[in-house]
Amino acid sequence: MERIGNTDSFGPADVIKSVHLCDHGVNASGKGLTLFENIGDAFFCSTACLRAFFDQVITDFENGVE
């Protein structure tokens, strides 16, 4: 994590650029799901928002959404 400017906020370091989920072919399409093309997009306003995001990610992953 690294500090964002002169704020008390932190974001992912620039080492990781993207995040993808892959499985062993158990989802509908057998393909991976890209969560972020740019990890800098990974900011959430609350834990409820974060939970809603990952709930949808799991649903999409199970349904083979790319």
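This is a predicted model, so every value here is computed, not measured.

**Describing a nonpolar patch on the surface**
A surface patch of nonpolar side chains, about 220 Å² in accessible area, is lined by Phe44, Leu50 and Phe54. Structurally, Leu50 can be placed in helix H1 (residues 47–62). When its relative accessible area of 32% is taken as the criterion, Leu50 is described as partly exposed.

**Some details on the nonpolar core**
Counting seven residues, the largest nonpolar core consists of Leu33, Leu35, Phe36, Ile39, Ala42, Val57 and Phe61. Of all the secondary structure elements, the ones that give two or more residues to this core are strand E4 (33–36) and H1. No other element matches E4, which puts three residues into this core.

**Examining the packing of aromatic side chains**
According to the stated counting rule, one finds two aromatic pairs in the structure shown. Ring plane angle 50 degrees and centroid distance 5.2 Å describe the contact between Phe44 and Phe53, whose orientation is recorded as tilted. For Phe53, a relative accessible area of 24% puts it in the partly exposed group. Within the aromatic cluster, the residues linked to one another by ring pairs are Phe44, Phe53 and Phe54.

What counts, and where the lines are drawn
Within every chain, residues take consecutive numbers counted from 1 along the sequence as written. Only residues with pLDDT of 70 or above have their local features reported here, since the model is predicted, and side-chain atom pairs are shown and tallied only from 80 upward, although totals for entire chains, interfaces and linings are computed over all residues. To get the side-chain values, take all heavy atoms of the structure and skip hydrogens and water. Like charges within 9 Å and nonpolar side chains (Val, Leu, Ile, Met, Phe, Trp, Tyr) within 5 Å are joined into patches, using only residues over 30% in relative accessible area that form no salt bridge. To measure how exposed things are, a 1.4 Å probe is used in the Shrake-Rupley method; for residues, cover is taken only from the protein chains shown. Whenever Lys or Arg places a side-chain nitrogen within 4 Å of a carboxyl oxygen from Asp or Glu, that contact is recorded as a salt bridge. Helix numbers and strand numbers start at the N terminus; a helix is a DSSP run of H or I with at least 4 residues, a strand a run of E with at least 2. Accessible area is worked out with a 1.4 Å probe on protein chains only. A residue is then buried under 20% of its type maximum, exposed over 50%, and partly exposed in between. Within this scheme, the nonpolar core is defined by two criteria: the residues are buried Ala, Val, Leu, Ile, Met, Phe, Trp, Tyr or Cys, and they are joined through side-chain atoms within 4.5 Å. Centre distance within 6.5 Å is the pairing criterion for rings of Phe, Tyr and Trp, where only the six-membered ring of Trp is used; planes under 30 degrees apart are then read as stacked, over 60 as edge-to-face, and the remainder as tilted.

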